[in-house]
Each structure stands twice: as C-alpha cells, then as structure tokens.
Amino acid sequence: MMPPLPKDDLRHILEHTREMWEELRGGRLFVTGGTGFFGCWLLESFAFANRELGLGASLTALTRNPEAFQEKMPHLANASIQLLRGDVKTFAFPPGEFSHAIHAATESGTSLATENPLEMLDTIVHGTRHALHFAAAAKTRKFLLTSSGAVYGRQPSEVTHIPESYSGAPDPSDPRSAYGEGKRVAELLCATYGPAMETKVARCFAFVGPHLPLDVHFAIGNFVRDALRGGPILVQGDGTPRRSYLYAADLAIWLWTILFKGTPGIPYNVGSSEDRSIAEVARLTAETSEPPLEVRILRSPAPGSAPLRYVPSTDRAERELGLAPFIDVRTAILKTLDYYSSHSVWKTPGLSTRS
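Residues numbered from 1 in each chain as written. Predicted model: local features only at pLDDT ≥ 70, side-chain atom pairs only at ≥ 80, totals over all residues. Heavy atoms only, no water.

> Help me get a handle on the overall build of the protein, residues and values and all.
Helices and strands together make up the secondary structure of the protein, namely eleven helices and 16 strands. Taking 355 residues into account, the globule formula puts the C-alpha radius of gyration at 20 Å, and the protein, at 20 Å, falls close to it. The principal-axis extent of the C-alpha atoms belonging to the protein is close to 55 × 45 × 40 Å. Counting only residues that meet the buried cut, the protein has 53% of its 355 residues in that class. For the protein, the distance from the average position of its 36 positive side-chain charges to the average position of its 38 negative side-chain charges is 2 Å. (Helix = DSSP H or I, 4+ residues; strand = E, 2+ residues; numbered from the N terminus. Rg over C-alpha atoms; globule rule 2.2 N^0.38 Å. Buried < 20%, exposed > 50% of the residue type's maximum accessible area, 1.4 Å probe, protein only. Lys, Arg positive; Asp, Glu negative; His and termini not counted. Charge placed at Lys NZ, Arg CZ, Asp CG, Glu CD.)

Put into structure tokens, the structure is as follows:
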C-alpha cells in the first residue's frame, strides 16, 4: 500500500488548474494507464479537484488488475472513481458518453521496451487505436495522448533543446526504437481521428516524484533508491549524458492544461529545459541526504565524445499555455525522498533529508 500524495502537492496542482476544471463539471473522464506513474498522479489530482470544487464528475480508469490497484491505492476507492478491468488493446467499451479521455497507457518504464519490443510496438499502436475508437463511440470531445520525447530519436549533440518542429526520428532498423516508433504511429492515429474530436498530444520527457519506478532504467529513480538504502549512489555509465527533470506535480499541471487548453493536433513538449549531467544529478541527490552520501561513477568518459542529450525546448508550452516548472529539481528530489522514506518498504534507519 502506498501513502496518499502529499496534500501540498495536490493543492499546488489545483492552484494552477482551478479555472480549467469547470468544463468537467458533471462530466465523465476515461483514463487508460490509470495505475502507472502518470495515472496515479492524474487520478489523485482529479479526485482532489472533484472533491474541493464539488464538480460531481466521475472517472473510469482502465486496469488489468483492479484488485492490485485497490491494494496499492485504497484511498482512491470512492464513488467518483470506477475501475474497469481490461487490456488496452481489447477492453470492452463501458456504456454511455465520456466528455474527456486520457490515453496514458504504455509508459517507457515497462520492461517490454527491452524484453519484447514487438509486443511493446503492438501494445502502443493497437492500444491507441482501440482507445481512439472507444472515444469516438463515446462522443468524447477532448482526447489527450501522452506521447514521448522518444519520437525524435537520438538528439543531436549540437541541438541543446529539441523543439517540436525537429523532424528527426528513431532508427527503424534498431528494435530498441519500438517505443519511439510506436509513439510516432500513435500521434499519427490521433491526427487521423482529429475530425471526430479534439486530439491533444503531450510529448513527455523525464520526471521525478512519488510513484516513479525506482528499479527500472530511470537514472534519477535509481539514485533515489540508492539514497533510500543509505548509499552509495551508483552511476552505471560515465555520468556525462544531459537530462532535465520536471517534478510530478508540475507534470500533472501540464497534462491537465494541455487536455483542457491545448491546441488540437499540435504537440507540446512536456518537461524542464534546465539540464544537468547525470553525474550532477547524482551529486545533487547525494547532497540532499543527511549525512551526504558517496557517489560512484563506474565508467570514464570516452575522450573527445560529445555528451548524449535528452532535453526538450518547452518554449511552445510556456508561450501558448503559460506553463513552467514551478518546483525546482532539488526540491523535487527532496519531496520524492521524503515520500518514499515514509513508506516502510523504503524506510532506512538513520536516513534524513536536508530541507
């Protein structure tokens, strides 16, 4: 069982989205991927706004295992949230109309990306088509796809911040491109359904916060895990790749804003433009612990090689929607450590954080 999200995070989300919720008053929202990292934040922030604003709205979340979700998040078992058992590729359509839908299934942290890229591709493409087919049948007005920065392929080292207009792509001869290529097709499917509903696209980059998986390939999640265990913090590579991180509460603000106010058919990068090297992120995580933890970088940089980058330009979202990172990365890491350290599975005797 995971503890509820911090109340100050939920109030922070509502503070920046309050006026937008009115269009969901009395409405019905359908969410795929409701039990993942994105989904947990969407469901809990929805429940908070629904209660605080008296919206009288309801949310149906698709999940393969409702029992596991109820065990993980029992505080969300209320009348405004219903769980629908099913697979994203084949789920039976729930009856009635749904005013809004968010397709957040198939996050990049799943093991399918490396273990079974063909199944990953099939799940993204057929899952998106099935979700869109349902939304059209349910007379959905606004549909949000959580896409990914992976649609751009490898970011050229000379492009410091990749814009939505960049026309690069993943390498189609590499099975590891299944996730990025699948998201490209998913965006194309949204474009083809454009006449039937307002389709919005959020190209998501890197994030940190409660519910982030700590044991998959997300570097910052691994660093948080190492810190919770009392260190050392291990950098598996040479520490030179550049990344930027948006706190999960800000992520929720961005996703709700794009759903409600984003221009249909126009993708928005979602993330932070403030980049750091992986080594810097590891040291920042180490410094938030008391006492500071050791950082070990396991490889040396190749002489003369340019660092890999995965950093968005967020100019479009900032200019058109007034979005920004409201919580800095140091605070984001502290809040993530505090959340997980309150959970018995991760609690380490003697560990504290520097607030």
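> I'd like a rundown of the sheet that holds strand β3 (residues 81–85), residues and numbers included.
Read from one edge of the open sheet, seven strands run β3-β2-β1-β4-β5-β6-β11, paired in parallel fashion. This sheet does not close on itself; its edge strands, each paired only once, are β3 and β11 (267–270). Within the sheet, the average angular offset between the axes of one strand and its neighbour, ignoring direction, is 20 degrees. By the bridge criterion, five bridges tie strand β2 (residues 58–63) to β3 in an arrangement that is parallel. (Pairing = 2+ DSSP bridges. Axes fitted to C-alpha atoms, helices over the stretch in contact; angles between N-to-C directions.)

> Give me the lowdown on the pairing of β11, citing residues and values where you can.
Here β11 shows two buried faces, one formed by Pro267 and Asn269 and the other by Tyr268 and Val270. In terms of strand pairing, strand β6 (residues 198–204) meets β11 through four bridges, oriented parallel. Considered in β11, the bridge of Cys204 is made with Val270.

> Lay out the pairing of strand β4 (residues 100–103) in plain terms, naming residues and giving numbers.
Neither face of β4 is exposed, since His100 and Ile102 on one face and Ala101 and His103 on the opposite face are all buried. In the sheet, β4 pairs with strand β5 (residues 142–148) via four bridges, with the strands oriented parallel. The residue bridging His100 from the neighbouring strand is Lys142, located in β5.

> Describe in detail the nonpolar core, supporting the description with residues and values.
Within the largest apolar cluster, 77 residues are counted, with the highest numbers of intra-cluster contacts made by Trp21, Phe46, Ile102, Trp256 and Val270. The element that contributes the greatest number of residues to this core is helix α8 (residues 248–261), accounting for eleven residues. Residues contacting Phe46, with those up to four places away along its chain left out, are Trp21, Leu24, Leu29, Ala57, Ser58, Leu59, Ser80, Ile81 and Trp256. Counting residues in each nonpolar core, the second largest holds 25 residues, with Phe91, Ala101, Ala138 and Phe143 among its members. (Core = buried A, V, L, I, M, F, W, Y, C linked by side-chain atoms within 4.5 Å. Contact = heavy atoms within 4.5 Å.)

> I'd like a description of the side chain of Arg309, backed by residues and values.
Relative to the helices and strands, Arg309 is located in strand β15 (residues 309–310). Of note is the side chain of Arg309, whose polar atom sits 3.1 Å from the backbone oxygen of Thr160. Side-chain polar atoms of Arg309 contact the side chain of Asp275, separated by 3.0 Å. Among residues more than four places away in sequence, those in contact with Arg309 are Gln155, Pro156, Ser157, Val159, Thr160, Arg242, Arg243 and Asp275. (Polar contact = N/O pair within 3.5 Å; in protein donor to acceptor, adjacent residues only side chain to side chain.)

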